[in-house]
Amino acid sequence: MKTFEYRPEVRWSDQDLLGHVNNATMLTLIEEGRVKWMNEMRSVRLTGGGLLVARQEIDYLLPVMYGPELLLTLSVARIDSSSFTVNTRGDQNGRQVFDSNVVLVHIDRESQRPTPLTDAVRDFLTEYLPD
């Protein structure tokens, strides 16, 4: 299985009053990693369609802190006819701190309706599925 790694910059201002990275900021950091990874997909293009974030979930295992490097590891958890699920694992200090899944639906920009993933996109995503 292929994965994509990204190390976002966690800023001092990302903390909440308890010194943890704010939960809303975590969605932004995860999105940042997903966008960087999807830039690799440009070669296969989504054929004029768009992507809709249909679902986001995060299981926090430990507080994400300002200071230690945060490593995001992205893979694909599932591929359906017109959607796919991106899994992002977060690690700090060698320990897993969260697990996130985001469901993205491929949509036709004009009709705003789900449309099937192309074979090229499906092939790209398959490389990131667990063995």
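Refer to the preceding data block for the structure.
Residues numbered from 1 in each chain as written. Predicted model: local features only at pLDDT ≥ 70, side-chain atom pairs only at ≥ 80, totals over all residues. Heavy atoms only, no water.

## Regarding the nonpolar core
Formed by 28 residues in total, the largest nonpolar core has its most connected members in Met26, Trp37, Met41, Leu70, Phe84, Phe98 and Leu125. Taken together, the elements giving at least two residues each to this core come down to β1 (4-6), α1 (23-39), β3 (70-79), β4 (83-92), β5 (95-107) and α2 (119-126). Non-local contacts of Phe84, meaning those with residues more than four positions away in its chain, are made with Trp37, Met38, Met41, Leu51, Arg78, Ile79, Val102, Val103, Leu104, Leu117 and Leu125. (Core = buried A, V, L, I, M, F, W, Y, C linked by side-chain atoms within 4.5 Å. Buried < 20%, exposed > 50% of the residue type's maximum accessible area, 1.4 Å probe, protein only. Helix = DSSP H or I, 4+ residues; strand = E, 2+ residues; numbered from the N terminus. Contact = heavy atoms within 4.5 Å.)

## Structural notes on the packing of aromatic side chains
Scanning all chains against the criterion turns up three aromatic pairs. Here the aromatic rings of Trp37 and Tyr128 are separated by 5.3 Å at their centres, their planes lie at 80 degrees, and the arrangement is edge-to-face. With Trp37 in helix α1 and Tyr128 in the segment after α2, this pair connects stretches of sequence that are 91 residues apart. Accessibility expressed as a relative area gives 0% for Trp37, which makes it buried. Taking 5.3 Å as the distance between ring centres and 45 degrees as the angle between the ring planes, the aromatic pair formed by Phe124 and Tyr128 counts as tilted. A residue is classified by how much of its surface remains accessible, and Tyr128, at 1% relative accessible area, is buried. (Phe/Tyr/Trp six-rings, centres within 6.5 Å; stacked < 30°, edge-to-face > 60°.)

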